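In case you want the letters, here they are:
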Amino acid sequence: SSRSASRVSSELFTLTYGALVTQLCKDYENDEDVNKQLHHNLFCNFLPRGFNIGVRLIEDFLARSNVGRCHDFRETADVIAKVAFKMYLGITPSITNWSPAGDEFSLILENNPLVDFVELPDNHSSLIYSNLLCGVLRGALEMVQMAVEAKFVQDTLKGDGVTEIRMRFIRRIEDNLPAGEE
């Protein structure tokens, strides 16, 4: 069935991702460098720019989801949590902790499928294992003209009760099209 194929794909991705993180831990001196690789530069040699996976994933997302342009950050948060996470990870994080200005919120992941088979060794206590998710969010949103900051503030791998990603709107990115081209 489609559901069991999806489960196998998810588990394969989780295990493959784990092997990648393990290799990065061997290749880099410290967790900070691994965190940067996971967030910014993953697959940099294979894809030409940016926050590589998110940049590529947004095209697939827009084609498959039939989601139109979001009008504000709250609508963007809803689409991320209820459509994108559901489509690609099979989970629906809750959206909480909105800032009074409406420019920050938290995504609470009760269950993070990336860490299903993971236990952090003591010597990697500062590793942000799922930092890939922050890079994907930043890269995808940049492609739809939205500069954001995304960072982990809680992580079940570090003993927290939930995994929390804090999202902050920085600015709208203006299209810089040459004069006369729309």
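Residues numbered from 1 in each chain as written. Predicted model: local features only at pLDDT ≥ 70, side-chain atom pairs only at ≥ 80, totals over all residues. Heavy atoms only, no water.

Colleague: I keep staring at the nonpolar core and nothing clicks. Help me out?
Modeller: A general feature of soluble globular proteins is that nonpolar side chains tend to end up buried together. F85, L107, Y129, I165 and M167 are the most contacted members of the largest nonpolar core, which has 34 residues in total. Excluding residues within four positions of it along the chain, L107 makes contact with I80, A81, F85, P93, S94, I95, L137, T163, E164, I165 and M167. By size, the runner-up hydrophobic cluster in this structure holds 6 residues, among which are I58, F61, V79 and A140. (Core = buried A, V, L, I, M, F, W, Y, C linked by side-chain atoms within 4.5 Å. Buried < 20%, exposed > 50% of the residue type's maximum accessible area, 1.4 Å probe, protein only. Contact = heavy atoms within 4.5 Å.)

Colleague: Looking at this model, I keep getting lost on the sheet that holds strand β3 (residues 146-154). Mind explaining?
Modeller: Hydrogen bonds along the backbone pair up the strands of a sheet, which may run parallel or antiparallel. Ordered by their spatial adjacency, 4 strands build an open sheet running β1-β2-β4-β3, and the pairing between neighbours is antiparallel. With partners counted over all chains shown, the strands left at the sheet margins are β1 (94-96) and β3, one partner each. On average, adjacent strands in this sheet sit at an angle of 30° to one another, irrespective of strand direction. With 3 bridges joining them, β1 and strand β2 (residues 104-109) adopt antiparallel strand pairing. Bridge pairing links T96 to S106 in β2. Across the sheet, helix α4 (residues 73-89) lies against β1, β2, β3 and β4 (163-172), angled at about 15° from β2, the strand it touches most. (Pairing = 2+ DSSP bridges. Helix = DSSP H or I, 4+ residues; strand = E, 2+ residues; numbered from the N terminus. Axes fitted to C-alpha atoms, helices over the stretch in contact; angles between N-to-C directions.)

Colleague: How should unusual backbone geometry be read in this particular structure?
Modeller: For N66, which is not glycine, the phi dihedral falls at a positive 60°. Checked against the element boundaries, N66 lands in the loop between α3 (52-65) and α4. Residue N66 is classed as exposed on the basis of its relative accessible area, which comes to 69%. Not every positive phi belongs to a glycine, and Q145 is a case in point at roughly 60°. Here Q145 shows up in the loop between α5 (132-143) and β3.

Colleague: When you look at the packing of α4 against α5 in this model, what are you seeing that I'm missing?
Modeller: Each packed pair of helices is defined by two parameters, the angle between the axes and the distance between the axes. Running from N to C, α4 and α5 cross one another at 120°; their axes reach a closest spacing of 13 Å. On the basis of the axis angle, α4 is oblique to α5. The handedness of the crossing between α4 and α5 is right-handed. Side by side, α4 and α5 meet where T76, I80, F85 and L89 of the first sit next to L133, L137 and L141 of the second. Along the lines of polarity and charge, the residues of the contact of α4 with α5 split into 6 nonpolar, 1 polar and no charged. (Parallel < 35°, antiparallel > 145°, perpendicular 65-115°, else oblique. Left-handed = near helix turned anticlockwise from the far one by under 90°. Nonpolar A, V, L, I, M, F, W, Y, C, P; charged D, E, K, R; others polar.)

Colleague: Explain α5 here, please?
Modeller: Each turn of an α-helix holds 3.6 residues, which means side chains three or four residues apart point in the same direction. The end-to-end C-alpha distance of α5, which contains 12 residues, comes to 17 Å, matching closely the 16 Å that a straight helix rising 1.5 Å per residue would cover. Counting buried positions over the 12 residues of α5 gives 10, a clear majority of the element. For α5, the complete set of buried residues consists of L132, L133, C134, G135, V136, L137, R138, G139, A140 and L141. Within two residues after α5, Q145 carries a phi angle of roughly 60°, on the positive side. (Expected span 1.5 Å × (residues − 1).)

Colleague: Can you walk me through the side chain of D155 in this structure?
Modeller: Here D155 lies in the loop between β3 and β4. Despite its burial, D155 pairs with no opposite charge; the closest candidate is K158, at 5.2 Å N-O. A distance of 3.0 Å separates the side chain of D155 from the backbone nitrogen of L157, its partner in a polar contact. Sequence-distant contacts of D155, defined by excluding residues within four places in its chain, comprise D160, V162 and T163. (Lys, Arg positive; Asp, Glu negative; His and termini not counted. Salt bridge = Lys/Arg side-chain N within 4 Å of Asp/Glu carboxyl O. Polar contact = N/O pair within 3.5 Å; in protein donor to acceptor, adjacent residues only side chain to side chain.)

Colleague: Got a minute to help me understand the environment of V34 in this structure?
Modeller: Inspection of the secondary structure assignment puts V34 in helix α2 (residues 31-41). Spatially, the C-alpha atom of V34 lies 6.0 Å from that of L24, the residues being 10 residues apart in sequence. For V34, the contacting residues outside a window of four places in its chain are L24, C25, Y28 and L127.

Colleague: Would you mind showing me how to read the confidence of the model for the chain here?
Modeller: A low pLDDT means the predicted coordinates there should not be read in detail. Per-chain confidence: the chain averages 83 in pLDDT, with 85% of residues scoring 70 or above. Within the model, pLDDT remains below 50 along residues 43-50, and this stretch shows 11 contacts once partners closer than five positions in the same chain are excluded. (pLDDT = per-residue confidence, 0-100.)

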